[in-house]
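Commentary on secondary and tertiary structure
Given next are the chains, with one letter for each unit.
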Amino acid sequence: QVRLAESGGGSVQSGGSLRLSCAASGYTASTMCMAWFRLAPGKEREAVASIARDGKIKYIGPANGRFIISRDNAENTLYLEMNSLKPDDTAEYFCAGTRFSTASCPSLVPKYFTYWGPGTQVTVSS
């Protein structure tokens, strides 16, 4: 059974950092397109960053230059290091995985992702 479990969320002040982890079980994370999404109150779920089977990394919007996605294949764990956090980064953060027919992540639309973790809350205060 495939399971994803996020951890590492919490409350920080503006400018602080957090490192989120996503432990995968039941499958090998490196065989999938893996991504971090977030859901803020009143907004739609949006992709933050992704890492493909071929290792190619993509950052979306506000994550560019502040967040770092990585994957530890030995530990079957996905990470998201978040720096220079802002109040606008406040959201529930989810890791997700899916198998595309290509080695890349051709789409970061949530509906194309099969496996989801329950999420971890990140709150950034000003």
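Description of the structure in this document. (Residues numbered from 1 in each chain as written. Predicted model: local features only at pLDDT ≥ 70, side-chain atom pairs only at ≥ 80, totals over all residues. Heavy atoms only, no water.)

1. Concerning the sheet that holds strand β7 (residues 67-72)
In plain terms, the rule: In this analysis, strands are considered paired if DSSP registers two or more bridges between them. Here a strand is any run of E in DSSP of at least two residues, a helix any run of H or I of at least four, and the numbering for each starts at the N terminus. Axis angles are defined between N-to-C directions and span 0 to 180 degrees, where every axis is a line fitted to C-alpha atoms and, for a helix, only to the segment in contact.
Judged by pairing direction, the sheet is antiparallel, and its 4 strands sit side by side in the order β1-β3-β8-β7 without closing on themselves. Each of the sheet's edge strands pairs with one partner strand only, and the pair in question is β1 (3-7) and β7. With strand direction ignored, the average angle separating the axes of adjacent strands in the sheet is 15°. Across 6 bridges, β7 lies against strand β8 (residues 77-82) in antiparallel orientation. Considered in β8, the bridge of Phe67 is made with Met82.

2. Re empty space enclosed by the protein
Quick reminder of the rule: Buriedness for pockets is judged along seven lines, at least five of which must meet protein on both sides within 12 Å for an open set on the 1 Å grid over protein atoms alone, while cavities are sets there where a 1.4 Å probe fits but cannot get out, and lining residues have an atom within 4 Å of a point. Grid points are joined across faces, edges and corners, and a volume is the space filled by probe spheres set on the points. Asp, Glu, Lys and Arg are counted as charged, while Ala, Val, Leu, Ile, Met, Phe, Trp, Tyr, Cys and Pro are counted as nonpolar; the rest, among them Gly, fall into the polar class.
Taken as a whole, this structure holds 1 cavity of 30 Å³ or more when the rule is applied. One number sums up the size of the largest cavity: a volume of about 30 Å³. Every residue lining the largest cavity is listed: Arg38, Glu46, Ala47, Val48, Ile60, Pro62, Ala63 and Phe67. Across the lining of the largest cavity, the residue classes tally to 6 nonpolar, no polar and 2 charged.

3. Overview of the state of the cysteines
Let me state the cut-off plainly: Whenever a pair of cysteine sulfur atoms sits within 2.5 Å, that pair is classed as a disulfide. We call a residue buried when its accessible area falls under 20% of the maximum for its residue type, exposed when it is over 50%, and partly exposed in between, using a 1.4 Å probe and counting protein chains only.
In total, this model carries 2 disulfides according to the counting rule given. One disulfide bridge connects Cys22 with Cys95, the sulfur atoms lying 1.9 Å from each other. What sets the handedness of the Cys22 and Cys95 disulfide is the S-S torsion sign, and at about 55° it is right-handed. Of the two residues, Cys22 sits in strand β3 (residues 18-25) while Cys95 sits in strand β9 (residues 91-98), which places them 73 residues apart along the sequence. Each member of the pair, Cys22 as well as Cys95, is classed as buried. Bridging Cys33 to Cys105, the disulfide has an S-S length of 2.1 Å. Measuring the twist about the S-S bond at about 120°, one finds the Cys33-Cys105 disulfide to be right-handed.

4. Focus: the side chain of Ser21
Heads up, the rule is: Between two residues, a contact is recorded if the distance between any of their heavy atoms is within 4.5 Å.
Note on placement: Ser21 falls in strand β3. When residues no more than four places from it in sequence are discounted, the contact partners of Ser21 are Ala5, Glu6, Ser7, Trp36, Thr77, Leu78 and Tyr79.

5. What about the pairing of β1?
Going residue by residue along β1, you find Leu4 and Glu6 tucked away on one face and Arg3, Ala5 and Ser7 left uncovered on the opposite face. In terms of strand pairing, β1 meets β3 through 5 bridges, oriented antiparallel. Note on β3: the bridge partner recorded for Glu6 is Cys22.

6. A word on unusual backbone geometry
In the Ramachandran plot, Asn76 falls in the positive-phi region, its phi being about 55° despite a non-glycine side chain. Mapped onto the fold, Asn76 is located in the loop between β7 and β8.

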